[in-house]
Amino acid sequence: MKERLPPLQGLYYFYTAAKLGSFKQAANELFVTAAAISQQIRQLEEFLGADLFVRQHRKVALTQEGTLLFQHAQKGFEHLHQGVRQINQDPNPNQLSISTLPSFAQHWLVPRIGHFRELNPEQELMIEPTSELVDFQNSNLDLCIRYGPGHYPNVETKLLMEELLYPVCHPIYQQQHGIYDLSDLTGADLIEDYWRDIDWGIWLQNVGYKAHKPTLKYNGSHFVLEGALAVQGVALAKHTLAQRYIEEGKLVRIGNLAQRTDYNYFLCAPSAYFKREKIRNFCEWIFNQVEGSRSSCILDCEIIDTRSPR
């Protein structure tokens, strides 16, 4: 027959009162009333069939049975506290390891990361550019930045920013091929990513123009943008990645239509990780960066929303 243990709350109230030698002090530490402490211990004594304390005027003393139980309770709760600390403890508080898409790292994060380093000079930073999903249990990574639907197993996700798609090209390509409006795209070399949400045919149909096939495909948004910067054609680009090149005059947007997508950028990590000081600092910094980039660029275009219902 399985041996039944007494309620954990009663054991913890007993342990605290025994450690402090006072029901009143135990009540103050646990933010409950002294009557609640007394009631829980009385129920524990009834469960065990033995008195655990000798009640005195201003303090309590352990009986022989109480002393025996306290010795074991002390070991048990110390082990529990140690286990909780190991779960919540950051094994590398001075090292911040971030996994993110190569395109986001190259065109958005790395150009801004110097500012974070200025604010946190003691923080050792490692950025791992990869499109692969991360197994946090078997890696030293602290945080992921992912582009997708936002539903990932075994992690908490925080929306970082939404994404828009629109055509861009180099000013030289624009002049050479006369690409100034969406209707001019029929004579352009179209550059496209393999990602399924970045499809020239679908984009053109959604904004009301005749679809035609791209002439150049890359596996990765960073290559797509590099192709446009290298005067190879018109890229269907993410606003997040193209924004700074437009502001610098290295790319120009074609037409006045942009499309929202079903995919957005998310911060991902186990819930406990977001409580770590270094991750809280990074999250605060990156959200400020997103807000700053949003306020510095007012899109003078019509936004087409074709997202699936959530």
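Bear in mind that the values here come from a model prediction, so they are computed numbers and not experimental data.

A count of helices and strands for the protein gives 10 helices and 14 strands. Here the protein has a C-alpha radius of gyration of 30 Å; the compact-globule value for 310 residues is 19 Å, and the former is much larger. Each of the three principal axes of the protein carries a C-alpha extent, and together these read 95 × 45 × 35 Å. In the protein, buried positions account for 43% of the 310 residues. For the protein, restricting intrachain contacts to residue pairs at least 6 apart in sequence, the fraction spanning at least 24 positions comes to 74%. Surface accessibility of the protein: about 17300 Å² in total, with carbon and sulfur atoms responsible for 50%.

Below, the discussion takes up the UniProt feature "domain: HTH lysR-type" (unreviewed entry) in the protein. UniProt marks residues 6–63 with the feature "domain: HTH lysR-type" (unreviewed entry), using the numbering shown here. For residues 6–63, the helix share is 62%, the strand share is 10%, and the end-to-end C-alpha distance is 18 Å.

Turning our eyes to something else, we now look at the sheet that holds strand 3 (residues 95–100). Strand order in the open sheet formed by 5 strands is 4-3-5-13-6, and the pairing between neighbours is mixed. Each of the sheet's edge strands pairs with one partner strand only, and the pair in question is strand 4 (124–129) and strand 6 (156–161). Across the sheet, the axes of successive neighbouring strands diverge by a mean angle of 25°, strand direction being ignored. The pairing of strand 6 with strand 13 (residues 264–269) spans 5 bridges and is classified as antiparallel. Each bridged residue has a counterpart across the sheet, and for Met-161 the counterpart in strand 13 is Tyr-265. Along the sheet face, helix 5 (residues 102–119) touches strand 3, strand 4, strand 5 (143–148), strand 6 and strand 13 and points at about 170° away from the line of strand 4.

Along the chain, Ser-221 falls in helix 8 (residues 221–229). Residues within four places of Ser-221 in sequence aside, it is in contact with Ser-103, Asp-193, Ile-198, Lys-238 and Leu-241.

Tracing the backbone through its elements, the reader meets Glu-78 in helix 4 (residues 64–88). Along the primary structure Glu-78 and Val-224 are separated by 146 residues, whereas in three dimensions their C-alpha atoms are 56 Å apart.

In this structure, Asn-154 is a non-glycine residue whose phi angle is positive, near 65°. The phi angle at Val-231 is positive, at roughly 60°, despite the residue not being glycine. Here Val-231 lies in the loop between helix 8 and strand 10 (234–238).

A few words on the domain arrangement of the protein. When cut into domains, the protein gives domain 1 (8–87), domain 2 (95–161 + 264–293) and domain 3 (164–260 + 297–305). Placing a centre on the C-alpha atoms of domain 1 and another on those of domain 3 gives a separation of 68 Å.

With that settled, the discussion passes to the pattern of salt bridges. What the rule picks out here adds up to 10 salt bridges. Between Glu-29 and Lys-19 there is a salt bridge, with the nearest N and O atoms lying 3.5 Å from each other. Highlighted residues: Glu-29 in helix 2 (residues 23–30) and Lys-19 in helix 1 (residues 8–20), separated in sequence by 10 residues. Look at Glu-29 and you get partly exposed, because its relative accessible area is 36%. Of the charged contacts in the structure, one is a salt bridge between Lys-250 and Glu-248, with a shortest N-O distance of 3.3 Å. The partly exposed category is assigned to Glu-248, whose relative accessible area is 43%. In the salt-bridge network here, residues are joined through shared partners; they are Arg-42, Glu-45 and Arg-55.

Looking now at helix 3 (residues 34–48). Between its terminal C-alpha atoms helix 3 stretches 21 Å, which fits the 21 Å expected from 15 residues at 1.5 Å a residue. Positioned one or two residues after helix 3, Gly-49 has a phi angle of 70°, which is positive.

With that out of the way, let us pick up the environment of Arg-117. Of note, Arg-117 is situated in helix 5. Sequence-distant contacts of Arg-117, that is, excluding residues within four places in its chain, are made with Gln-123 and Leu-125. Here Gln-123 takes part through its backbone oxygen, which lies 3.0 Å from a polar atom of the side chain of Arg-117.

All told, the structure shown has 16 aromatic pairs when counted by the stated rule. A ring pair is formed by Phe-104 and Tyr-265, whose centres lie 4.8 Å apart and whose planes are at 40°; its orientation type is tilted. Taken together, the positions of Phe-104 in helix 5 and Tyr-265 in strand 13 put the pair 161 residues apart, joining distant regions of the chain. The same class applies to Phe-104 as to Tyr-265, namely buried. Arranged with centres 4.9 Å apart and planes meeting at 45°, the rings of Tyr-147 and Tyr-265 form a pair that is tilted. Of this pair, Tyr-147 sits in strand 5 while Tyr-265 sits in strand 13, and the two are 118 residues apart along the sequence. Judged on exposure class, the residue Tyr-147 and its partner Tyr-265 are both buried. Just above the ring of Trp-108 sits the side chain of Arg-112; from NZ or CZ to the centre is 4.2 Å. Of note, Arg-253 hangs over the ring of Tyr-166, and the distance from its end group to the ring centre comes to 5.6 Å.

What counts as what
Residues numbered from 1 in each chain as written. Predicted model: local features only at pLDDT ≥ 70, side-chain atom pairs only at ≥ 80, totals over all residues. Heavy atoms only, no water. Helix = DSSP H or I, 4+ residues; strand = E, 2+ residues; numbered from the N terminus. Rg over C-alpha atoms; globule rule 2.2 N^0.38 Å. Buried < 20%, exposed > 50% of the residue type's maximum accessible area, 1.4 Å probe, protein only. Contact = heavy atoms within 4.5 Å. Areas by Shrake-Rupley, 256 points an atom, 1.4 Å probe, with all protein chains shown as cover. UniProt positions renumbered as here; feature names shortened; annotations may be inferred. Pairing = 2+ DSSP bridges. Axes fitted to C-alpha atoms, helices over the stretch in contact; angles between N-to-C directions. Domains from an automatic or database assignment. Salt bridge = Lys/Arg side-chain N within 4 Å of Asp/Glu carboxyl O. Expected span 1.5 Å × (residues − 1). Polar contact = N/O pair within 3.5 Å; in protein donor to acceptor, adjacent residues only side chain to side chain. Phe/Tyr/Trp six-rings, centres within 6.5 Å; stacked < 30°, edge-to-face > 60°. Lys NZ or Arg CZ within 6 Å of the ring centre and 35° of its normal.

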